[in-house]
Amino acid sequence: MSETDETLSKLRHRIDDVDSQLIQLLKLRNELTGKVGEVKTLTGMPIYVPSRESEMIAARREQAESIGLSPDLAEDVLRRVIRDSYRTQHSNYRCINPDINKVVIIGGGGALGKLFVRLFEQSEYAVTSLEKDDWAEAEEIFKDADLVIVAVPIKLTISVIEKLSNLPKHCILTDITSVKNEPLEAMLKVHSGPVVGLHPMFGPDSPGMIKQVVVVCHGREPDKYEWLLEQMRTWGAVLHESSSSEHDSAMAFIQVMRHFSTFVYGQHLKEEDPNLSSLLMFSSPIYRLELAMVGRLFAQEPSLYADIIFNNEESLALLKRFHERFGEALQLVEDVDKASFVKQFNDTKKWFGDYAQQCLVDSKQLLLKADDSQLLRKN
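Residues numbered from 1 in each chain as written. Predicted model: local features only at pLDDT ≥ 70, side-chain atom pairs only at ≥ 80, totals over all residues. Heavy atoms only, no water.

Chemist: It is not clear to me how the overall build of the protein chain should be interpreted in this structure. Could you clarify?
Modeler: The secondary structure content of the protein chain amounts to 15 helices and seven strands. Here the analysis covers contacts within the protein chain between residues at least 6 apart in sequence; of these, 68% occur between residues at least 24 apart. When the accessible surface of the protein chain is summed, it comes to about 23,700 Å², and 57% of that surface belongs to carbon and sulfur atoms. (Helix = DSSP H or I, 4+ residues; strand = E, 2+ residues; numbered from the N terminus. Contact = heavy atoms within 4.5 Å. Areas by Shrake-Rupley, 256 points an atom, 1.4 Å probe, with all protein chains shown as cover.)

Put into structure tokens, the structure is as follows:
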């Protein structure tokens, strides 16, 4: 073995030793955060406390800088560790309202319904799922219910809500559909008790509600369902209050236009039939991320996206306007009108303002992750 090889071997052994110590420290940290979780469960404190997390990261960045270590590296590692601790420190949550007799989740066997069943059970509520073959026993199931959650596909939501006219007067009725206007109106019409519309802004593959946004559209008697909102905060959710009309208008841009554009992009790739492996090989990290978002859409249930796109009242008009603007932009290319392209680019850049620069900063870590993942797949 040459002197260089011997030196490298010694250094690598030292690195292995340090890495081993890091693993042990991570295990110790998990044990400590587990104890924190036990305290939070007893007191009902929420998992996610933004001020505490910000203080931790700021302190470690300052420490890293003081010893000549990259603060960005320290923050990246700490955020990853914190994210894992949120997911592992809680197997049970405090029950905010122990007086609740029963929670009924219509569609509790579905992807998102299962998540709600698990969270309520982890808070020690009695939970019953009602599926499509259980309606013959619905009257008995609903008899003692204090909370009924409609967690069925969008296309079935209204028809299911219309079956709920005989709920107990005190029972809270809510839905977790991604459109809010029509379901909220239907719930207010069919049930005279407390009503609230909810939209969890995450998919069923989420491990829970930690740092996840849940939109709240108030309906009737908010004091009666305040415990439910507090329960979601305890699970780690960030609640955002909105009117149902404001929500649906925003969803037309956030969900409908984005999903439809992604659908068309994927459809276009399928028709053009390029070699997907070659596209990935020649792609920059940002394009691999974009392609990953397209692939993600087509890995999921098509009827879900069909419901989202087809069941928002504002969809068609918005998509037609998008189609027109796409055509106008294409005309610039056909006319080789670079000056107009640059002008429109700058106008839009001005509209985005500081957010564009923030996106540039935030996306760097995503791009590094995409680059790392691609290299790992190659090896």
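Chemist: Would you mind showing me how to read the packing of helix H9 (residues 244-272) against helix H11 (residues 285-298) here?
Modeler: The packing of two helices is summarised by the inter-axis angle and the distance between the axes. The geometry of H9 relative to H11 is characterised by a closest axis approach of 9 Å and an angle of 95° between their N-to-C directions. Classed by the angle they form, the pair H9 and H11 counts as roughly perpendicular. The segment H9 lies against H11, with His259, Thr262, Phe263, Tyr265, Gly266, Gln267 and Leu269 engaging Tyr287, Leu291, Met293, Val294, Leu297 and Phe298. Partitioning the contact of H9 with H11 into residue classes produces nine nonpolar, four polar and no charged. (Axes fitted to C-alpha atoms, helices over the stretch in contact; angles between N-to-C directions. Parallel < 35°, antiparallel > 145°, perpendicular 65-115°, else oblique. Nonpolar A, V, L, I, M, F, W, Y, C, P; charged D, E, K, R; others polar.)

Chemist: Sorry, what's going on with helix H8 (residues 222-234) here?
Modeler: Counting along an α-helix, one turn takes 3.6 residues, and residues three or four places apart therefore face a common direction. With 13 residues, H8 ought to run about 18 Å at 1.5 Å a step, and its terminal C-alpha atoms sit 18 Å apart, in line with that. Of the surrounding elements, those touching the buried residues of H8 are helix H4 (111-122), strand E3 (147-150), strand E4 (172-175), strand E5 (195-200), strand E6 (213-220) and strand E7 (238-241). The first or second residue beyond H8 is Gly236, which carries a positive phi of 105°. (Expected span 1.5 Å × (residues − 1).)

Chemist: Honestly, the nonpolar core in this entry has me stumped. Any pointers?
Modeler: Where a protein is soluble and globular, its nonpolar side chains tend to be buried together. The biggest cluster of nonpolar side chains holds 38 residues, and the ones touching the most others in it are Val103, Ile105, Phe120, Leu198 and Met209. For this core, the elements supplying multiple residues, two or more each, are helix H2 (50-66), helix H3 (71-88), strand E1 (103-106), H4, E3, E5, E6 and H8. Broken down by element, the residue count for this core peaks at six residues, all from H4. Met209 has contacts with Phe116, Leu119, Phe202, Val214, Met232, Trp235, Gly236 and Ala237, leaving out every residue within four places of it along the chain. (Core = buried A, V, L, I, M, F, W, Y, C linked by side-chain atoms within 4.5 Å. Buried < 20%, exposed > 50% of the residue type's maximum accessible area, 1.4 Å probe, protein only.)

Chemist: Honestly, the state of the cysteines in this entry has me stumped. Any pointers?
Modeler: By definition, a disulfide links the sulfur atoms of two cysteine residues through a covalent bond. Under the criterion given, the structure shown has zero disulfides. Distance from the sulfur of Cys171, which forms no disulfide, to the nearest cysteine sulfur (Cys95) is 16 Å. We classify Cys171 as buried; its relative accessible area is 0%. (Disulfide = S-S within 2.5 Å.)

Chemist: Hey, could you run me through helix H1 (residues 3-43) in this one?
Modeler: An ideal rise of 1.5 Å per residue puts 60 Å on 41 residues; H1 measures up with 60 Å between its terminal C-alpha atoms. If you check which residues of H1 are buried, you get Thr33, Gly37 and Lys40.

Chemist: What's the story with a negative patch on the surface in this structure? I'm lost.
Modeler: Judged by side-chain charge, Glu182, Glu185, Glu313 and Glu314 come together as a negatively charged surface patch. Within the secondary structure layout, Glu314 lies in the loop between helix H12 (302-310) and helix H13 (315-334). By relative accessible area, Glu314 is classed as partly exposed at 35%. (Patch = residues over 30% accessible without salt bridge, like charges linked within 9 Å, V, L, I, M, F, W, Y side chains within 5 Å. Salt bridge = Lys/Arg side-chain N within 4 Å of Asp/Glu carboxyl O. Lys, Arg positive; Asp, Glu negative; His and termini not counted. Charge placed at Lys NZ, Arg CZ, Asp CG, Glu CD.)

Chemist: Honestly, the environment of Ala138 in this entry has me stumped. Any pointers?
Modeler: Inspection of the secondary structure puts Ala138 in helix H5 (residues 138-142). Among the residues examined, Ala138 registers a relative accessible area of 7% and is labelled buried. Considering only alpha carbons, one finds Ala138 and Leu164, 26 residues apart in sequence, at a separation of 9.3 Å.

Chemist: Just to check I follow, could you spell out the pairing of E6 for this structure?
Modeler: With six bridges joining them, E5 and E6 adopt antiparallel strand pairing. Pairing of Val195 across the sheet is with Arg220, part of E6. Summarising the sheet, E6 and E7 pair through four bridges and their orientation is parallel. Within E7, the position partnered with Val216 by the bridge is Glu241. (Pairing = 2+ DSSP bridges.)

Chemist: Please explain the pattern of salt bridges as it appears in this structure.
Modeler: Side-chain pairing between opposite charges can occur once the charged atoms of the two side chains come close. On inspection of all chains with the given rule, the structure shows 14 salt bridges. Put simply, Glu53 and Arg79 hold a salt bridge, and the shortest N to O gap is 3.2 Å. Residue Glu53 is located in helix H2, and its partner Arg79 is located in helix H3; the two are separated by 26 residues in the primary sequence. Glu53 sits in the buried class, given a relative accessible area of 6%. Between Lys180 and Asp175 there is a salt bridge, with its nearest N and O atoms 3.0 Å apart. Residues joined in a network through salt bridges with shared partners are Glu53, Arg61, Asp72, Glu75, Arg79 and Lys211.

Chemist: Whenever I open this one, the pairing of E5 confuses me. Can you help?
Modeler: Each regular strand displays side chains that alternate between the two surfaces of the sheet. Counting buried residues in E5 gives six out of six residues, a clear majority hidden from the surface. Burial along E5 is two-sided: the face carrying Val195, Gly197 and His199 and the face carrying Val196, Leu198 and Pro200 are both buried. Note that E4 and E5 share three bridges and pair parallel. Residue Asp175 lies in a different strand from E5, and its bridge partner there is Gly197.

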